[in-house]
Amino acid sequence: MKNKIHLSILVSFLCIAFSLTAQITVVAGTPATEPVSEPFSVDFDTSGIMHGVEFTKANRVFKVVNGIVMFIAGVEHGTNLKVTDAADGPAISALFYGMHDIAITGNKAYIADTFNNRIRLLDLAAGTVSTVAGSGISGFTGDNDTGMNVRFAQPICGVLSPDKKTLYVADIGNGRTRTIDLATGIVQTIAGNGKKGPVVDGTAALDCPLRGTRAVTVTADGTVYIVLREGNSLVTLRNGVISNVVNASGKAGYAGDGGNGRDALMRGPKYLATDKENRVLINDTENHCIRRYDPASGVIELIAGIPGKVSSNVGTTWLETGLKRPHGVRIGPDGMLYVADTENNRVLRGPYK
């Protein structure tokens, strides 16, 4: 009898411990920390410290150290006026406008400074900001060129290749995906013809229209995934050709969990990331949830949020937790899932499996 009682107590303790470890938590934003404004993306430095970028109401770069938010770059402004001088130099006086993404390697944080039409470098050790590419003038020039000779039209996402030697840029206003060789600074276009239209499987990458080139990620095998905001879809770039893998119809909606990704529906997807198994995490932003596509099986599934429902509720699991137009997602160095829950003005952390 005593053994049964002890076993019952142990089981209860383990259940409580599991529920505590499974809890989704706020790691940036109220009530956990000082407020952050519209966080769009986060990434981690070599010490595991989380950094993030804010959108247009504040335009700052922040980091979170021991539960404390520190603003490390950018002058707070919410004028919604275009900044003519990006103010390279000391990070704290730099001017950003509408940042969408941050990608960190070593002490270097590459920032998609979208409405300034620039890719910028925040040196985390020196505390300085410089421009990597982009003149600040919207347009399309600069393939096979560098620096200020390049023109972007709202570079909206910048993600590092697995070897950290290349930055992939979703140049949304130009309907193209481009790369920056970080050793030489040379910019190239690798996909998109600048036109709008449906993606036909097998189209040569540079001849393919890409509707709303919103985000890009690259898996360890070299496959490039591009999510299309207006196209409501996920496509691949492999061996020089483009193919649909999620929502081949391009229709806006919500459907398909547990089935083949090509038959699924999404609504305004806005970000991508990958995990160690080369599965692709998709911010299905206008459906207020996070989904995952497995290229090995072709299956798509829901992993966070309540589809079609706006909520700020923080549950004990991701599927019980409400989101409001999330824009960023990342697997942290601790193996946990981090979500930039943009219009709830917070970053969430929780178990990933």
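Residues numbered from 1 in each chain as written. Predicted model: local features only at pLDDT ≥ 70, side-chain atom pairs only at ≥ 80, totals over all residues. Heavy atoms only, no water.

J.: It is not clear to me how the nonpolar core should be interpreted in this structure. Could you clarify?
T.: Buried together is how nonpolar side chains tend to be arranged in soluble globular proteins. Within the largest apolar cluster, 47 residues are counted, with the highest numbers of intra-cluster contacts made by L234, V246 and I282. Setting aside chain neighbours within four positions, we find I282 in contact with V227, L234, V246, M266, P269, Y271, L272, C289, I290, R291 and Y293. Counting residues in each nonpolar core, the second largest holds 18 residues, with A94, I104, A109 and L122 among its members. (Core = buried A, V, L, I, M, F, W, Y, C linked by side-chain atoms within 4.5 Å. Buried < 20%, exposed > 50% of the residue type's maximum accessible area, 1.4 Å probe, protein only. Contact = heavy atoms within 4.5 Å.)

J.: Looking at this model, I keep getting lost on the packing of aromatic side chains. Mind explaining?
T.: Tallying each qualifying case throughout the model produces four aromatic pairs. Members of the aromatic cluster, each reached through a chain of ring pairs, are F40, F55, Y97 and F115. A cation sits over an aromatic face here: R291 above Y254, 4.1 Å from the ring centre. (Phe/Tyr/Trp six-rings, centres within 6.5 Å; stacked < 30°, edge-to-face > 60°. Lys NZ or Arg CZ within 6 Å of the ring centre and 35° of its normal.)

J.: Help me out: how do you make sense of the sheet that holds strand β5 (residues 68-73) in this one?
T.: Each strand in a sheet pairs with its neighbour through backbone hydrogen bonds, running either in the same direction (parallel) or in the opposite one (antiparallel). Pairing is antiparallel in the open sheet, where four strands are placed in the order β2-β3-β4-β5. The open sheet is flanked by β2 (39-44) and β5, the only strands paired with a single partner. Along the sheet, successive strands turn relative to each other by an average axial angle of 30°, direction set aside. In terms of strand pairing, strand β4 (residues 61-65) meets β5 through five bridges, oriented antiparallel. The residue of β5 that forms the bridge with V64 is V69. (Pairing = 2+ DSSP bridges. Helix = DSSP H or I, 4+ residues; strand = E, 2+ residues; numbered from the N terminus. Axes fitted to C-alpha atoms, helices over the stretch in contact; angles between N-to-C directions.)

J.: Looking at this structure, how should I read the pairing of strand β23 (residues 299-305)?
T.: Regular strands place side chains that alternate from one sheet face to the opposite one. Inspection of the sheet shows strand β22 (residues 289-294) paired to β23 by six bridges, in the antiparallel sense. Pairing of R292 across the sheet is with E301, part of β23.

J.: I would appreciate a short explanation of the confidence of the model for the chain in the present structure.
T.: In low-pLDDT segments, the atomic positions of the prediction should not be examined closely. Residues of the chain with pLDDT of at least 70 account for 94%, and the chain-wide mean is 93. Per-residue pLDDT stays below 50 along residues 1-20; that stretch engages in zero contacts with residues further than four places along the chain or on separate chains. (pLDDT = per-residue confidence, 0-100.)

J.: Just checking my understanding: could you explain the sheet that holds strand β19 (residues 241-246) for this structure?
T.: Read across the open sheet, the five strands follow the order β15-β19-β18-β17-β16; overall the sheet is antiparallel. The outermost strands of the open sheet, each flanked by one partner alone, are β15 (203-204) and β16 (213-218). Relative to strand β18 (residues 233-238), strand β17 (residues 224-228) is paired through five bridges, and the arrangement is antiparallel. Bridging from a neighbouring strand, L228 pairs with S233 of β18.

J.: I keep staring at the side chain of R120 and nothing clicks. Help me out?
T.: Assignment of secondary structure puts R120 in strand β9 (residues 118-123). Only 2.7 Å separates the side chain of R120 from the backbone oxygen of A86, close enough to count as a polar contact. Only 3.0 Å separates the side chain of R120 from the side chain of D113, close enough to count as a polar contact. (Polar contact = N/O pair within 3.5 Å; in protein donor to acceptor, adjacent residues only side chain to side chain.)

J.: Before we go on, may I ask you to explain the environment of E54 in this structure?
T.: Assignment of secondary structure puts E54 in strand β3 (residues 50-54). A relative accessible area of 0% means that E54 is categorised as buried. The spacing of E54 and N244 is 190 residues in sequence and 31 Å in space, taken between C-alpha atoms. When residues no more than four places from it in sequence are discounted, the contact partners of E54 are V36, S37, E38, P39, N59, R60, F62, F71 and M99. One polar contact links the side chain of E54 to the main-chain amide nitrogen of S37, over a distance of 2.8 Å.

J.: Is there a simple way to explain the pairing of strand β7 (residues 99-105) in this structure?
T.: Most of β7 is tucked away, with six of its seven residues classed as buried. Of the strand pairs in this sheet, β7 and strand β8 (residues 108-113) are connected by six bridges, and their pairing is antiparallel. Within β8, the residue paired with D101 across the bridge is A112. Between β7 and β8, which follow one another and run antiparallel, lie two residues, and G106 among them has a positive phi close to 60°.

J.: Just to check I follow, could you spell out the pattern of salt bridges for this structure?
T.: Two side chains with opposite charge may pair up if their charged atoms get near one another. Taken as a whole and judged by the stated rule, the model has 20 salt bridges. The partner of D257 in a salt bridge is R291, with the nearest N and O atoms 3.0 Å apart. Of this pair, D257 sits in the loop between β19 and β20 (271-274) while R291 sits in strand β22, placing them 34 residues apart in sequence. For R291, a relative accessible area of 0% puts it in the buried group. The residue D334 makes a salt bridge to R349 at a minimum N-O spacing of 3.1 Å. Taken together, the positions of D334 in the loop between β24 (328-331) and β25 (337-341) and R349 in strand β26 (residues 346-350) put the pair 15 residues apart, joining distant regions of the chain. Taken together, the shared-partner salt bridges in this structure form one network comprising K270, E286, R325 and E343. (Salt bridge = Lys/Arg side-chain N within 4 Å of Asp/Glu carboxyl O.)

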